[in-house]
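Next come the chains, spelled out residue by residue.
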Amino acid sequence: MSFENAVLFPDGAAINDDGHLVLGGCDAIELASEFGTPLYVFDEPTLRGICRSFVREFADRYPNSRVLYASKAFISPALARLVHEEGLGLDVVSGGELAVAAAVDFPPEDIYFHGNNKSAGELEYALDYGIGRIVVDNFHELRLLNDIGGRRRLVQKILLRVSPGVDPHTHVHTTTGTLDSKFGFSIESGDAAEAVRRAVGAPSLDLIGIHSHLGSPIFELEPFAIGIDTVLTLAADMVKEGLKLEEFSPGGGFAIGYTRDRLPPEVGAYAEVITSTLKARCADLGIAGPKLLIEPGRAVAGRPGVALYTVGAIKDIPGVRKYVSLDGGMGDNIRPALYDARYEAVAAGKMTDGPAETVTLAGKYCESGDVLVRDIRLPVLEPGDLIAIPASGAYAPAMASNYNSNPRPAIVMVGNGNARLIRRRETYEDLMLCDILEDGRPGQQGS
């Protein structure tokens, strides 16, 4: 049985005869009973299907393309292995994300290293691993990487990240392609052109392409067209000064649906505007079409992930608001507090019950701003009921913290009626593993 919000959930999400939410063929109530809550549930068939859709939609329109999964959306060894099996490369933004990739022997030539302030240690680690490309973000990094490469007597392939000055009309905290941004070399200021000149002259760097990224999530198609046009115009001018435009990336930022009233374009729509603009602009400028790199993150991991919570305390303020407190919150999903992100939710054990009251789903953390969903119509809820929040796979578990010294949730992968644990729930002992007292008791790591 399908349901009203199904478009926000993983493929195949349904209601069983008991009126329970089913994910990947597994009863959500049974998942919560076996693994506890809060719990993040990833639907493996949906993950794989989205990976294949990105590969297919771009390759059909532009054969010389490569999809790189933007691991900052969420990465774990299990997910890194899955995206590699589906033919995707990887975009990492830290030494830690690179370490996750290395843990599953992810091919180094398929990894691109981003970030606006990579440390010398992180760059050394990347070179040790034989990373394919480093996306250089600023003049400091340009000098630092050239010096490290010189000491090692190697030449590292790089792309330059440029800022095209395009507003993607998303939240100010996730806008990255404008002039007022910490990311990239600005085209408007002339820094991008100067960076190309310096990179071309750097003996330990091999500049083979240009990267840009507008922000996320982008629900509109026009910003991609404008950004590609702007960056390729710069690139055509820089080819005359030694730039080898072998690779080009307009980044990622592809949106997903968090609420029914705002759904994103299909993957094919993004692919059409990006590839058609790239081909047309290259023809106009008289330059050869480069390899196209696409970096979906949220659009891969977001919809396959569902968060499950158990209802606890309920506070009804007559004429004001009814708070239903959950056993998770901003510690495992900070997006509502950080970005004013909106979500929908369902009562996973009462899927056939109609909405009966308006409630606010609050978290357990000691902050008034710890609210996951405001003013949502749900069936009458009681302590012990299970709440499911869809579209939670991207940035929620990735940004999870131990605020209030709460352990981070477990994560399971489901599919075809089977569930397997891919990250165990943290314990109180885990929280103290790095702490040291003179007698060495917390974590037992002091000696």
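From a predicted model like this one, the values you see are computed outputs, not experimental measurements.

## Some remarks on unusual backbone geometry
Thr37 connects to Pro38 through a cis peptide bond whose omega is -5 degrees. Tracing the backbone shows Pro38 in the loop between α1 (28–35) and β4 (39–43). Backbone geometry at Asp105 places phi at a positive 55 degrees, although glycine is not the residue there. Locating Asp105 in the fold gives a position in the loop between α4 (95–103) and β7 (111–113). What makes Asp105 exposed here is its relative accessible area of 63%. Notably, Asp375 is not glycine yet its phi reads approximately 50 degrees, a positive angle. Turning to its location among the elements, Asp375 is positioned in strand β18 (residues 371–378). The partly exposed category is assigned to Asp375, whose relative accessible area is 47%.

## Quick notes on the nonpolar core
The biggest cluster of nonpolar side chains holds 108 residues, and the ones touching the most others in it are Tyr69, Ile134, Ile158, Leu160 and Leu361. It is helix α8 (residues 222–239) that provides the largest number of residues to this core, a total of nine residues. In this structure, Ile158 is in contact with Ile134, Val136, Leu142, Leu145, Ala199, Leu205, Asp206, Leu207, Ile208 and Gly209, ignoring residues within four places of it in sequence.

## Some points on α1
For α1, the full list of buried residues reads Ala28, Leu31, Ala32 and Phe35. Buried residues of α1, seen end-on, are gathered within an arc of 95 degrees and therefore sit on one face of the element. Residues of α1 that are exposed and point more than 90 degrees away from the buried face comprise Glu30, Ser33 and Glu34. Looking at where α1 begins, the residue whose side-chain oxygen comes 2.7 Å from the main-chain nitrogen of Ile29 is Asp27. Once α1 ends, the next one or two residues include Gly36, with phi positive near 80 degrees.

## Some details on the confidence of the model for the chain
Detailed reading of the predicted coordinates is not advisable wherever pLDDT is low. Mean pLDDT over the chain works out to 94, with 96% of the residues at or above the 70 mark. In the predicted structure, residues 170–177 sits below a pLDDT of 50 and forms 29 contacts with residues beyond four places in sequence or in another chain.

## Concerning helix α9 (residues 267–285)
Between its first and last C-alpha atoms α9 spans 27 Å; for 19 residues at 1.5 Å apiece the expected length is 27 Å, and the two agree. Within α9, the full set of buried residues consists of Val267, Gly268, Tyr270, Ala271, Val273, Ile274, Thr275, Thr277, Leu278, Arg281 and Cys282. Packed against the buried residues of α9 are α2 (44–61), α8, β12 (247–249) and β13 (291–294). Phi turns positive one or two residues past the end of α9, at Gly286, with a value near 70 degrees.

## Remarks on the environment of Val92
Among the secondary structure elements, Val92 is positioned in strand β6 (residues 89–92). Residue classification places Val92 among the buried residues on the basis of a relative accessible area of 0%. Along the sequence, Val92 and Ser216 sit 124 residues apart, while their C-alpha atoms lie 16 Å from each other.

## Focus: the pattern of salt bridges
The full count for this structure, using the stated rule, is 29 salt bridges. The residue Asp229 makes a salt bridge to Arg281 at a minimum N-O spacing of 3.0 Å. Remark: Arg281 occurs in helix α9 and Asp229 occurs in helix α8; sequence separation between them is 52 residues. Take Arg281: its relative accessible area is 18%, and that puts it in the buried class. When salt bridges that share partners are traced, they join Glu44, Arg48, Arg52, Glu85, Glu86 and Arg420 into one network.

## Quick look at the sheet that holds strand β1 (residues 14–15)
Taken together, the three strands give an open sheet; going across it, the order is β1-β2-β3, and neighbouring strands pair in antiparallel fashion. Of all strands in the sheet, those with a lone pairing partner are β1 and β3 (26–27), marking the two edges. Sheet topology places β1 next to strand β2 (residues 21–23); two bridges connect them, and they run antiparallel. Bridge pairing in β2 places Ile15 opposite Leu21.

## Thoughts on the packing of helix α6 (residues 139–152) against helix α7 (residues 191–200)
The geometry of α6 relative to α7 is characterised by a closest axis approach of 11 Å and an angle of 5 degrees between their N-to-C directions. The angle between α6 and α7 falls in the class roughly parallel. Here Phe139, Leu142 and Arg143 of α6 come into contact with α7, specifically with Asp191, Glu194, Ala195, Arg198 and Ala199. Residue composition of the contact of α6 with α7, grouped by class: four nonpolar, no polar and four charged.

## With respect to the side chain of Arg133
Of note, Arg133 is situated in strand β8 (residues 133–136). In this structure Arg133 comes out as buried when scored by relative accessible area, which is 15%. Once you skip the residues sitting within four places of it in the chain, Arg133 turns out to touch Ile111, Tyr112, Phe113, Gln156, Lys157, Leu159, Ile208 and Glu247.

## Examining a negative patch on the surface
Where like charges cluster on the molecular surface, the negative patch consists of Asp17, Asp18, Glu30 and Glu34. Positionally, Asp17 belongs in the loop between β1 and β2. On the accessibility criterion, Asp17 (84% relative accessible area) is exposed.

Parameters at a glance
- Residues numbered from 1 in each chain as written.
- Predicted model: local features only at pLDDT ≥ 70, side-chain atom pairs only at ≥ 80, totals over all residues.
- Heavy atoms only, no water.
- Helix = DSSP H or I, 4+ residues; strand = E, 2+ residues; numbered from the N terminus.
- Buried < 20%, exposed > 50% of the residue type's maximum accessible area, 1.4 Å probe, protein only.
- Core = buried A, V, L, I, M, F, W, Y, C linked by side-chain atoms within 4.5 Å.
- Contact = heavy atoms within 4.5 Å.
- Arc of directions from axis to C-beta.
- Polar contact = N/O pair within 3.5 Å; in protein donor to acceptor, adjacent residues only side chain to side chain.
- pLDDT = per-residue confidence, 0-100.
- Expected span 1.5 Å × (residues − 1).
- Salt bridge = Lys/Arg side-chain N within 4 Å of Asp/Glu carboxyl O.
- Pairing = 2+ DSSP bridges.
- Axes fitted to C-alpha atoms, helices over the stretch in contact; angles between N-to-C directions.
- Parallel < 35°, antiparallel > 145°, perpendicular 65-115°, else oblique.
- Nonpolar A, V, L, I, M, F, W, Y, C, P; charged D, E, K, R; others polar.
- Patch = residues over 30% accessible without salt bridge, like charges linked within 9 Å, V, L, I, M, F, W, Y side chains within 5 Å.
- Areas by Shrake-Rupley, 256 points an atom, 1.4 Å probe, with all protein chains shown as cover.
- Lys, Arg positive; Asp, Glu negative; His and termini not counted.
- Charge placed at Lys NZ, Arg CZ, Asp CG, Glu CD.

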